[in-house]
Structures are given as structure tokens and as C-alpha cells.
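Coordinates in review
Below are the chains, spelled out letter by letter.
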Amino acid sequence: MRTLKNMDFEITLTRGRVRNFMKECRKQAATSKATRPSTTTPLFKELRIAHVGNTLANRLALFLRGKGCAWAEASGGCTFCGFWSATNMGTEVRGEDLIEQIRKSLSHLSDQEASAWELALYNDGSLLDPQEIKFESLIEIVKFAKGMHGFKRLVLECKISDITEEKISVLAELLGDRGLLLAVGFESSNPLVRDVCINKPFSDSAFQRALCILKKYHFDMTALIIVQPPFLTEDESYTEVIKTIQYLDDKRLQRIDLELTTVQPFTLVEQLWRRGLYSPPSKKLIEKVLAWIVQTETRTPVFISPVKYSPAVLEMPSSELNDQIAAVNTRNAYQISDRLMQIEKLVPQNPVQATRLLQRINEFLNLLEMSSLPLEKRNTGSKLKSFRTEDLCV
Ligand code: SF4
């Protein structure tokens, strides 16, 4: 009989294997880049939609080139995340360089950009992690941005574990009557899935603590949920997503964003996909989730991030599906297809079973080990035959 101690041991072993694969992916990403780009030039900026209560406004999103996610550096990072390749991959980016990136980004704005209600800063990591950016530098950046732009709310991406009262109280004083919204990767309400499928372990109490700190200062949080992380069947993924939305719905978040897993270079997801051991969310799964959203009244608005927000992606959903995602995001009743309203709203009923999941992950990792793919075979754009994860699952 399997004891709790045995289970802990299996989780530890599996976690270690997943991390080793991810660390190898990051190493290969570094090897593939001959030269490092300038650290004073931002990645890009983009006008997006901000949700202010029930109305829409403009969000100016600035993508800064940062040092790179400290979690990815330490542990390989999240199994689906290819953002590491867009960063300086562990090499310091000085505070003054980041300020220069902000200066360049906020110069020569269009009227819409200049009057954007919300300003969002992303560094493909966590802006509240001092290993990526010193907190004093972040303060200087916020001061500088505040001086150059009249945004009403600042959005910062960060990890849940980096939210402390010490930092939030300083930001509160600095922002004055302007708001703050932290965008965090929550991913799944199932701690085992967070840990071994995604490699982003944190406790429910850590999340609750972070939320309490933000609420104390009247700040907001957006939580990101991943749709179809590796190693889950389609039915399990559907169950996970719906249960996670339900878990978060009474937490008084500003919004919930669903992120469709994409196949990004130098990730474990890519490795699995190339061997037919992973498929991105299918049309059927996305439609089921969209149908659930349009047919359910949640207290917290739920959106699906368009796939174009990902870095390089090797397999995209169809444009018809993207149109439906856009229609649901804007709750545009005229553009939401009748099909979505007719799909039966399914009650999630295939929960993840820990022992089966651990067995499946280890079998998939064994297959990866048996067929290591040389680096030069990457980025060819060639797509191996991919089939549904449930065809293989144990
Ligand atoms: S998802 Fe976030 S925490 Fe995870 S590796 Fe990517 S940047 Fe780091």
C-alpha cells in the first residue's frame, strides 16, 4: 500500500526530474544565442485593453528587457514558459538601463498611448524579485514612469512569493492616489499540478497572505490560470481550469486570465510536443471552456489571453477560434457564436489522481530521456505528428 511518506518521496523525485529537464532547456536557450541584445532597448510596447469595473479603457503595456526570471535561473522555471529566451538570461541589467528603456518606451507616444488609463510593466519575470531587479531600482523606475505618464493604475507582473508588506507599503506611498494591480501566475488550484506539472510550487496560504496584503492597501490582483499544462489529459485539464476559476471566484480578484499553453522553444512542453507527448489545448477544449465562461455568472470577470501575447509559438489556434476568444473577452453577444451557447455546460468530473499523474509524468520523462533531441534539430519549424495526451496516458 502506498503511504504518505512514499508519496512525498515520489513527488520529490518527480519534481527533481522535471527541474533537471527545465534547467537543460534554459542552458540550451543560452547556447543558441550568439550575442546579447542591448540592455537599454526595450522589447516592445503595445496598446491593450484595461478593464476598469465594467468599462473598457486603454492599457499601455511596456515589455522591458530584464535580467530574466530568477525562478527560471534557480530551478529551470515553469515548464511551459519560454520568456527566458527573451531576457538577458541571467546577466544583470542595471537599474539605469531599465530607466532608459522606460524613457525610450514613453517617448513619442500616440494620443491613445499618452492618455492610457493603465500602464503595465513586464520584465518576463517578477518585478518584485530583488534578484532580478533591486527594489530601489524599481522605486526609481516607478517614480520616473509616474513623472512621464499620467496613468491611473500601474500593473506590475510578479510572483506570489515576492509580495511582501514591506514592498507594497512603499509602493502605496509612492503611488499616492494611483492604483496598483499585480499580475501573478496562479496557474492551478491543485498544489500537485502547480508543483510537478508546472514547476511553480507555492502554498495556498502564501497566496492568501499575498492577497491580504494587497487588500489592506486597496490594491488589486489579476490571477493567471494555465489551460492544459503538460502531463494532463484533456478531461483533467478542463476539470482543473473550471475548479481553479471556482476556487478564485470568491477571492475578490480584479480579474482572472486564462492562458492557453503554447509550444514555446526551449521548454519542457516543446520537448514533449516534439515527441508527440503533448498537444496544445484543442479546439474542443477551448470551446468547452469558452462555453462555460459565457454560460456562467462568475463574480470575477474571466478572460482568455490571446495567444499572440506569447513569445515565439510553434503551433497556433485557428483564426476562427481566436475570433471567438476575442468575442468572449469583449462579451460581444453579436459575435459570440451560437455553437458556444449550445455546447452543454459540463460539470468538471475528472479530477487529477496523484498516483496516476506521477506515474504518467515519470513515463513521459523516461521517453524523453530515451530519445534526446540534439540542439541543431531545434527551431526547424518541423512539427512531429502530435496526438492527444490521453492516447498515451496511463
Ligand atoms: S511563468 Fe513566470 S515564474 Fe514561471 S518561469 Fe516564466 S517568468 Fe518565471
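A brief look at the structure comes next. (Residues numbered from 1 in each chain as written. Predicted model: local features only at pLDDT ≥ 70, side-chain atom pairs only at ≥ 80, totals over all residues.)

When you go through the protein chain residue by residue, the secondary structure sums to 14 helices and 8 strands. Along the first, second and third principal axes, the C-alpha atoms of the protein chain reach 60 × 50 × 45 Å. The long-range fraction of contacts in the protein chain, counting pairs at least 24 apart against all pairs at least 6 apart in sequence, stands at 81%. (Helix = DSSP H or I, 4+ residues; strand = E, 2+ residues; numbered from the N terminus. Contact = placed C-beta atoms within 7 Å.)

With respect to spatial proximity, the complete set of residues near the ligand consists of C69, W71, A72, G77, C78, C81, F83, D124, G125, K159, G185 and K200. A class-by-class count of the residues in the shell around the ligand yields 6 nonpolar, 3 polar and 3 charged. (Near = placed C-beta within 6 Å. Nonpolar A, V, L, I, M, F, W, Y, C, P; charged D, E, K, R; others polar.)

In this section: helix α7 (residues 191-198). Within α7, the full set of buried residues consists of V193, R194, V196, C197 and I198. Just past α7, the residue N199 takes up positive phi, approximately 65°. (Buried ≥ 20, exposed ≤ 12 C-beta atoms within 10 Å, placed from the backbone.)

We now examine the environment of K345. Position of K345 among the secondary structure elements: in the loop between α13 (338-342) and α14 (354-370). Ignoring sequence-local partners within four residues, the contact set of K345 consists of A291, W292, Q295 and T296.

Okay, the sheet that holds strand β4 (residues 153-158) next. Strand order in the open sheet formed by 8 strands is β1-β2-β3-β4-β5-β6-β7-β8, with mixed pairing between adjacent strands. Each edge of the sheet is formed by a strand with only one pairing partner; in this case those strands are β1 (44-52) and β8 (302-305). Neighbour to neighbour, the strand axes of the sheet diverge by 25° on average, direction disregarded. Taken together, the 9 bridges between β1 and strand β2 (residues 55-63) define a ladder with antiparallel strand orientation. By the bridge assignment for β2, V52 is matched with T55. Relative to strand β6 (residues 220-227), helix α9 (residues 234-249) is tilted by about 170°, and along the sheet it contacts β5 (179-187), β6, β7 (255-260) and β8. (Pairing = 2+ DSSP bridges. Axes fitted to C-alpha atoms, helices over the stretch in contact; angles between N-to-C directions.)

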